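# Structure at a glance
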Amino acid sequence: MAIIRPEDQNETQNVAQAPTLGRTTGSISQGGGTGQRRNVSQRGSGFTNLQQYVTANENNANPELVRQRTQQAGTGLQQAQTGFENVAKQAQTGLQGIQGVNTFVGNVLRDPTAAAANQETLKRFQALRTGQEAIANPTDVLQPFTQARTGFESQRGDIASGLTRDVTGTGLQDYIRSQRANPSLATQGENVLDRFLTESTTAGKTAIQQAQERAGQIQATQIPGISGEVEALRQQVEPLQFRTQQGIQSGINPLVREQENFIAGLNKDYVAQQLGLNVNQAQAIKQQADKYSQNMNEIQSGIDLGNKALEDLKNQRGVYFDEDTSATANELREKIRERESAINRDIAFRDSQKEGQRRFSQAYKPILDKLNEYNQNRTRQQLLQTYDQPRLQRIQALQSLSGQDLSSLLSQGVS
């Protein structure tokens, strides 16, 4: 730091002849040189010491320049913060978008049937699964943010160190010189006086102290809080399963395989389970019902044969049969009576058996109906259509969402 020493006669004479610095802009003549300044006063000469000179120029404009420089640093910090926050918000939005995709896919996989029923949901899921709708990569989203964070930390340091430099030593001298209307016209003496007055006056000392304190505050300024929010969001996003096309496919494939295995396992046991049918018991009942029917057929056949024999006997009667009292006619009459009696017994037995069959059929009709249904030849899709429509709808939804075809399995019969 250059000091004007009273013991230096030449410099003391120059200080004694120096003009008093005011707050207006103008030009002065000093040692024959001309330099434009902001602060010229024509009053004052004949100072006997530096303190008189400092006191006379206490209200010079240089402290205001220091304060302006401090404000400029504060503005620079605000701009750096705003710039970083803008980039951080973009990263935040990008990561939230990835979260949104993961949530969307998760909701689809939790209820594929409802998702596939909504055309917009179905189309978007298909687009995400096939890559038609791109999903942002967290690394790409965070790269500008990471660069901006490093840039902010660098800017913060540059702003603080720049402010410290411009209010300290020769840096202060250079800064005040740069604020002249025409810095190149300023003499070395004027530059030294500017610095000297700034560092010596009360206002100047205060402005410098405030600037240095502000520089420290700037250097200590924490990165904006949104940085932590973005970092927390990053930690939430990175483990998400459904943030890539492969992750989505790996999410839906197990659901499709589950249904595929179920379809392949459909058999008659599934039908019996859905019907609540004990197949062995039902088959035994069916055999008994068939035996009833067989017995009824045999009884009816006997009746039919008896009626035929009776008809043959009756055809043997002559025109005067009613008046014929011969042994032959009497024998024929006896045979007819016996045959009619036998037929009536068979009819009575048939009717009693028919009533038993009716009661049996009525009692076991639900089981026999289920057995008939059990024995029907149907495809797996027909079985699901009959017994488990929600599952069939889920299977069809998963086919649409995954692009995988299970129709060949569904079209197969069961055994």
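All figures in this text were calculated on a predicted structure; none of them were measured in a lab.

## Some thoughts on the overall build of the chain
A tally of regular secondary structure across the chain gives 17 helices and two strands. The proportion of buried residues among the 415 residues of the chain is 38%. If you take every contact in the chain between residues at least 6 apart in sequence, the share linking residues at least 24 apart comes to 74%. Accessible area of the chain: about 23,100 Å², with a carbon and sulfur share of 45%.

## Focus: the pattern of salt bridges
Scanning the entire structure with this criterion turns up 20 salt bridges. Between Lys365 and Asp369 there is a salt bridge, with the nearest N and O atoms lying 2.6 Å from each other. Pair noted here: Lys365 and Asp369 are both in helix α14 (residues 327–374), with a separation of four residues, about one helical turn. Residue class for Asp369 comes out partly exposed when judged on its relative accessible area of 34%. One continuous salt-bridge network, built from bridges that share partners, spans Arg69, Arg165 and Asp166.

## Let's talk about helix α11 (residues 245–264)
The first and last C-alpha atoms of α11 sit 28 Å apart over 20 residues, in line with the 28 Å expected at 1.5 Å per residue. Residues Gly247, Ile248, Gly251, Ile252, Leu255, Val256, Gln259 and Ile263 constitute the buried set of α11. In this structure, the buried side of α11 is in contact with α3 (62–110), α5 (119–130), α15 (380–387), α16 (389–402) and α17 (407–410).

## A word on the confidence of the model for the chain
Averaged over every residue, the pLDDT of the chain is 86; residues scoring 70 or more account for 87%. The low-confidence segment residues 1–45 (pLDDT under 50) makes 95 contacts with residues lying over four places distant or belonging to another chain.

## Quick look at the nonpolar core
Among the nonpolar cores identified, the biggest contains 38 residues, and Val105, Phe125 and Tyr374 are the most heavily contacted of them. In terms of nonpolar packing, the next biggest core, distinct from the first, is built from 31 residues, Leu65, Val66, Ala207 and Ala215 among them.

## Let's talk about the packing of aromatic side chains
Counted under the stated rule, the structure contains six aromatic pairs. A centroid spacing of 5.3 Å and a plane angle of 45° characterise the contact between Tyr292 and Phe360, whose relative ring orientation is tilted. Of the two residues, Tyr292 sits in helix α13 (residues 279–315) while Phe360 sits in helix α14, which places them 68 residues apart along the sequence. Pairwise contacts between aromatic rings join Phe84, Phe145 and Phe152 into one cluster. It is Arg124 that lies over the ring of Phe104; its NZ or CZ is 4.7 Å from the centre. We note Arg391 situated over the ring of Phe262; from NZ or CZ to the ring centre the distance is 3.6 Å.

## Brief notes about the environment of Phe125
Here Phe125 is to be found in helix α5. Considered as a pair, Phe125 and Ser402 are 277 residues apart in the sequence and their alpha carbons are 9.0 Å apart. Phe125 has contacts with Phe104, Val105, Val108, Leu109, Ile248, Ile252 and Leu401, leaving out every residue within four places of it along the chain.

## A word on the packing of helix α8 (residues 188–200) against helix α9 (residues 202–220)
Running from N to C, α8 and α9 cross one another at 80°; their axes reach a closest spacing of 5 Å. The angle between α8 and α9 places the two elements in the roughly perpendicular class. The residues of α9 that touch α8, namely those facing Thr198, Glu199 and Ser200, are Thr202, Gly204, Lys205 and Ile208. A class-by-class count of the residues in the contact of α8 with α9 yields one nonpolar, four polar and two charged.

## Brief notes about the packing of α3 against helix α7 (residues 169–178)
Two numbers describe how α3 lies on α7: the axes approach to 11 Å, and their chain directions differ by 95°. Taken together, α3 and α7 sit at an angle that is classed as roughly perpendicular. Packed against α3, whose contacting residues are Asn62, Leu65, Val66 and Arg69, the element α7 presents Leu172, Tyr175 and Ile176 at the interface. By residue class, the composition of the contact of α3 with α7 is five nonpolar, one polar and one charged.

## Some details on the side chain of Arg350
Tracing the backbone through its elements, the reader meets Arg350 in helix α14. Relative accessible area serves as the criterion here: at 17%, Arg350 is assigned to the buried category. Setting aside anything within four residues of it in sequence, one finds Arg350 in contact with Met296, Ile299, Gln300 and Ile303.

## A short note on the side chain of Lys268
Along the chain, Lys268 falls in helix α12 (residues 268–275). Within the buried core, Lys268 has no salt-bridge partner, and the shortest N-O distance to an opposite charge, that of Asp269, equals 9.8 Å. Lys268 has contacts with Tyr374, Asn375, Gln376, Val414 and Ser415, leaving out every residue within four places of it along the chain.

Rules behind the numbers
Residues numbered from 1 in each chain as written. Predicted model: local features only at pLDDT ≥ 70, side-chain atom pairs only at ≥ 80, totals over all residues. Heavy atoms only, no water. Helix = DSSP H or I, 4+ residues; strand = E, 2+ residues; numbered from the N terminus. Buried < 20%, exposed > 50% of the residue type's maximum accessible area, 1.4 Å probe, protein only. Contact = heavy atoms within 4.5 Å. Areas by Shrake-Rupley, 256 points an atom, 1.4 Å probe, with all protein chains shown as cover. Salt bridge = Lys/Arg side-chain N within 4 Å of Asp/Glu carboxyl O. Expected span 1.5 Å × (residues − 1). pLDDT = per-residue confidence, 0-100. Core = buried A, V, L, I, M, F, W, Y, C linked by side-chain atoms within 4.5 Å. Phe/Tyr/Trp six-rings, centres within 6.5 Å; stacked < 30°, edge-to-face > 60°. Lys NZ or Arg CZ within 6 Å of the ring centre and 35° of its normal. Axes fitted to C-alpha atoms, helices over the stretch in contact; angles between N-to-C directions. Parallel < 35°, antiparallel > 145°, perpendicular 65-115°, else oblique. Nonpolar A, V, L, I, M, F, W, Y, C, P; charged D, E, K, R; others polar. Lys, Arg positive; Asp, Glu negative; His and termini not counted.

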